[in-house]
Amino acid sequence: MDSPPGMQFSVLALLGLSAADLAVIAAYFVVMILIGLRSLRRIHTEEEFFLGKRRFGKFIQMFANFGQATSVDTGPTVITTTYHNGLAGVWSVLMLLFGTPFHWFTSVWYRRMRTATLGDYYAERYHSRMIGGIYAMLMGIGLCILLSLSFIILVKTVQSMTPKDPAALTLVEQAEVERAGRLQDLGARDFQSLAATEQEELGRLEIERPRREISFINPSVLIWAMVVMICLCAVTGGLEAVLIGDVIQSLFILLLSVLLIPFAIATVNQRHGGSGLIDAFRTLHEQKSESFFHIFGSPAAAEFTWHYVAAIALMGLINSGAQANVFVAPRSARDEFSARFGMTSGIYLKRITTVLWGVTAMFIILLFAGDVTDPDLLWGHAAFRLLAPLGMGLVGIVIVASLAGLMATAEMFMITVSALVTRNIYRPLFPNCSERHYLNVGRIFGVAMLAGAALLSMASDSLLGTLKLWWEFGGSFAAAMWMGILWKRTSRLAVYLQISLSLLLFFVLPMGLPAAFPSLRSDPALTKTTLQRLLTTGYSSATEEDVKTRKAEILEFLKLPPDEQAGRTPPAPIHPAQPWTRTTILPARAIFWTGGLETVHEHGGTVRYRGKGRLNLSLLGLDRLGFDLTKNSYSLNETIRALIIIFFPFAILLIASPLMPRRPEEIAAAERMAARLLTPVDPDPETDARAAAEAHANPACRDHLKLFGPHSSWQFRKWTRIDTTGFILNLGAVGAILGALFFFAHLGS
């Protein structure tokens, strides 16, 4: 589907888009603004702005949860990780699948809390405004960082779909494109074969990373334009505008997950012969290596072991349960069933689209992997190459769908942070103000959060390391939510101790010690690595890609000096459609540093290693206890580290709570919250308020619903028929999604 010579894709040189594309984008913006202005007239109080009067049913709930769970970076992330790891790369997003059935219960908790924010829950449960404020502050910073990542991905996606024609490049831009070509040429050659000047040039270019494609879009203009659009919708219309907009935006995201598949299939069949879906998948299996389709166990994806996926799934379940943005939609539901149906079905929609993104990724990588140097740009580049020649406004639809993904995330984050900061930090400091005052303050905090995310996104073009840091950071306060719900004995002082120790041991000291004592990064005792291992994998049939790769390996071996070839067995030739084996080296990996190790060349030719990132104190402690972590695989060590981060906070609360004194008012608050969580929500607000008041007045009135008896401090409740049936159906949904993934992995093989 390459464009014919002379075909012009852009009508307006300003944006590089066709008139149809621009019309689609303009129409989307108009609709979103109208939704915000319509909702503005209905908002007069905090409850209306932050909760939408809790009147949203199952349909709105489903798309609201899908929208907050699916951001603009979801699709490009799947494509990037599939580019590096084969189809196993879908686990970068899909690994939380196994925790999804438990949302059938957590969504009920959120609704029964009957609070405006999750910060309110912390403050009420532990009778401590301070704990509520700490949670609000940490969550506000974290969501701001997460949103900045979405801004970065959006910029990359839109820029890759609006490339300048070479004739429109300035002299400076032409020079940058030439340097990018030079970088690709030098990087493809054996480093030892480069002259000294070429090696130096390669080093400079790798630092600069010049662009191969120049876009019409200015990143700063795009980011701030999106900030304005989000403000016009969410800041004016509150949660009602956000949830109604989520329905429209979710439909666009669903469209985006399948839009490229038919065009990619047609292009594959056009290039390689064949027709229809099956032939396209058959071509995939003929062209790509067999390991590309391995869900587990591929040498290219050795880190995605079952135990690592399981550990991250558990971490995701626990941490996401305490993320304030996850709480927003269920708290606004009309009733319990709307909350639980909307939450689980919305998140399963994301899991389904993730599988479809994996399918899209396989075809895109087959067609366009050699066209870009940055795999983050692969999705946008493929969309432009496949859709722009049609001139039907489809590129505009892709851009709108990407904008919709960002807006769905940003609006939910904005409302979340606005409510948290207003209710859990500002209101306690400045009580007794009018409803209008708090409403305006909430809007101001929402704008500030968006502006902060925009500034962060322009300060760096990669926050993946920060994203992982935040994902682990959630465990610092997640245990206090879970234990506060499940165990009445969990005490306020134990929560202070647990949060302090978690932050100290997992974040403050791991970052602070290397900063205070730089020599730690080069300490030989701290630069231990896992042992290098050889992994031999047998394959039933060699593909064209396998044959091409093996020929290149043989040529590289023959280039080696005779003394380096001595004693080594050259790679054996392989032939198409015949069985073959591949021996892959699993490299040594750093044990104690999250960023790995870098090589430092000193004067006199001495080479030493230096740690990067944070210091893994948990693994260092195991090493000091005598455990030999060098014999473990890197994925096993990472699994151990994840499990320690998960269970340490729970252990502290279990051990410390019985030892800590509790004030009478704290005990009463815990009893009231426990009774409220056992009290079903009535769709009628007045009836529900009376039921909650009865639970407060007589906390023991619902104790007969507890699983371990009325006198137990543990709050596990007896399952109802809806609980059991729903959980079984959820497990079936997990199995169906896994089945779909394996089906697409083997289709056409």
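Worth saying up front: this structure is predicted, and the values here are computed from it rather than measured. (Residues numbered from 1 in each chain as written. Predicted model: local features only at pLDDT ≥ 70, side-chain atom pairs only at ≥ 80, totals over all residues. Heavy atoms only, no water.)

Points about the overall build of the protein chain
Right, so step 1: Counting secondary structure elements, the protein chain contains 28 helices and four strands.
Right, so step 2: Looking at the protein chain as a whole, 54% of its 749 residues qualify as buried.
Right, so step 3: For the protein chain, restricting intrachain contacts to residue pairs at least 6 apart in sequence, the fraction spanning at least 24 positions comes to 81%. (Helix = DSSP H or I, 4+ residues; strand = E, 2+ residues; numbered from the N terminus. Buried < 20%, exposed > 50% of the residue type's maximum accessible area, 1.4 Å probe, protein only. Contact = heavy atoms within 4.5 Å.)

Comments concerning the pattern of salt bridges
Pairing is possible between side chains of opposite charge, provided their charged atoms come close.
Right, so step 1: Inspection of the entire model under this criterion finds 14 salt bridges.
Right, so step 2: The salt bridge partner of Glu671 is Lys488, with a shortest N-O separation of 3.1 Å. Remark: Lys488 occurs in the loop between helix H20 (475-486) and helix H21 (492-516) and Glu671 occurs in helix H26 (residues 664-677); sequence separation between them is 183 residues.
Right, so step 3: A relative accessible area of 27% means that Glu671 is categorised as partly exposed.
Right, so step 4: Note that Asp703 is salt-bridged to Lys706, the shortest N-O span being 3.9 Å. (Salt bridge = Lys/Arg side-chain N within 4 Å of Asp/Glu carboxyl O.)

A word on the side chain of Arg641
Right, so step 1: By the secondary structure assignment, Arg641 is in helix H25 (residues 634-656).
Right, so step 2: Among the polar contacts listed, one links the side chain of Arg641 to the side chain of Glu638, at a separation of 3.2 Å. (Polar contact = N/O pair within 3.5 Å; in protein donor to acceptor, adjacent residues only side chain to side chain.)

As for unusual backbone geometry
Right, so step 1: Despite not being glycine, Asn432 has its phi angle at roughly 65 degrees, a positive value.
Right, so step 2: A relative accessible area of 79% means that Asn432 is categorised as exposed.
Right, so step 3: In this structure, Ala577 is a non-glycine residue whose phi angle is positive, near 65 degrees.
Right, so step 4: Within the fold, Ala577 resides in the loop between helix H23 (562-565) and strand E2 (580-586).
Right, so step 5: Of the residues examined, Ala577 reaches a relative accessible area of 57% and is grouped as exposed.

Quick word on the side chain of Asn424
Right, so step 1: As for its placement among the helices and strands, Asn424 is situated in helix H17 (residues 394-429).
Right, so step 2: Among the polar contacts made by the side chain of Asn424, one reaches the side chain of Asp120 at a distance of 2.7 Å.
Right, so step 3: Not counting chain neighbours up to four residues away, the residues in contact with Asn424 comprise Thr117, Gly119, Asp120, Arg129, Gly132, Gly133, Ala136 and Ala419.

What about the environment of Gly474?
Right, so step 1: By secondary structure assignment, the location of Gly474 is in the loop between helix H19 (464-473) and H20.
Right, so step 2: Residue class for Gly474 comes out buried when judged on its relative accessible area of 5%.
Right, so step 3: Considering only alpha carbons, one finds Gly474 and Gly142, 332 residues apart in sequence, at a separation of 8.7 Å.

What to know about the packing of helix H7 (residues 118-125) against helix H8 (residues 129-160)
Right, so step 1: The interhelical angle for the contact between H7 and H8, taken along N-to-C directions, is 155 degrees, at an axis separation of 7 Å. By the angle class used here, H7 and H8 are roughly antiparallel. For the crossing formed where H7 meets H8, the hand is right-handed. Contacts between H7 and H8 involve Leu118, Gly119, Tyr122 and Ala123 from the former and Arg129, Ile131, Gly132 and Tyr135 from the latter.
Right, so step 2: In terms of residue class, the contact of H7 with H8 is built from five nonpolar, two polar and one charged. (Axes fitted to C-alpha atoms, helices over the stretch in contact; angles between N-to-C directions. Parallel < 35°, antiparallel > 145°, perpendicular 65-115°, else oblique. Left-handed = near helix turned anticlockwise from the far one by under 90°. Nonpolar A, V, L, I, M, F, W, Y, C, P; charged D, E, K, R; others polar.)

Here we look at a nonpolar patch on the surface
Right, so step 1: Side chains of Trp224, Leu455 and Met458 sit close together on the surface and give an oily, nonpolar patch of about 270 Å² of accessible area.
Right, so step 2: Tracing the sequence through the fold places Leu455 in helix H18 (residues 435-459). (Patch = residues over 30% accessible without salt bridge, like charges linked within 9 Å, V, L, I, M, F, W, Y side chains within 5 Å. Areas by Shrake-Rupley, 256 points an atom, 1.4 Å probe, with all protein chains shown as cover.)

Describing the confidence of the model for the protein chain
Right, so step 1: Mean pLDDT for the protein chain: 81, with 84% of residues reaching 70 or above.
Right, so step 2: Within the model, the stretch residues 1-14 combines pLDDT values under 50 with 26 contacts to residues more than four positions away or in other chains. (pLDDT = per-residue confidence, 0-100.)

A word on the packing of aromatic side chains
Right, so step 1: Applying the stated criterion across every chain, the model contains 24 aromatic pairs.
Right, so step 2: With centroids separated by 6.2 Å and ring planes inclined at 20 degrees, the aromatic side chains of Phe281 and Phe744 adopt a geometry described as stacked. Here Phe281 is found in helix H12 (residues 276-287), whereas its partner Phe744 is found in helix H28 (residues 721-746), with 463 residues between them in sequence. By the burial criterion, Phe281 is buried, and Phe744 matches it.
Right, so step 3: Taken together, Phe102, Phe105, Trp719 and Phe727 form an aromatic cluster joined through their ring pairs.
Right, so step 4: Sitting over the ring of Phe292, Lys288 keeps its end group 4.9 Å from the ring centre.
Right, so step 5: The cationic tip of Arg589 hangs over the ring face of Tyr634; the distance from NZ or CZ to the ring centre is 3.8 Å. (Phe/Tyr/Trp six-rings, centres within 6.5 Å; stacked < 30°, edge-to-face > 60°. Lys NZ or Arg CZ within 6 Å of the ring centre and 35° of its normal.)

Let's talk about the environment of Ala266
Right, so step 1: By the secondary structure assignment, Ala266 is in helix H11 (residues 219-272).
Right, so step 2: Assessed through its relative accessible area of 33%, Ala266 is described here as partly exposed.

Some words on helix H27 (residues 685-697)
Count 3.6 residues to each turn of an α-helix, and residues three or four apart come out pointing the same way.
Right, so step 1: Over its 13 residues, H27 extends 18 Å from the first C-alpha to the last, a length consistent with the 18 Å expected when each residue adds 1.5 Å.
Right, so step 2: For H27, the full list of buried residues reads Asp688, Ala691, Ala692 and Ala695. For H27, the angular spread of buried residues about the axis comes to 95 degrees, placing them on one side. Across H27 from its buried face, at more than 90 degrees, point the exposed residues Glu686, Arg690 and Ala697.
Right, so step 3: The elements touched by buried residues of H27 are H26. (Expected span 1.5 Å × (residues − 1). Arc of directions from axis to C-beta.)

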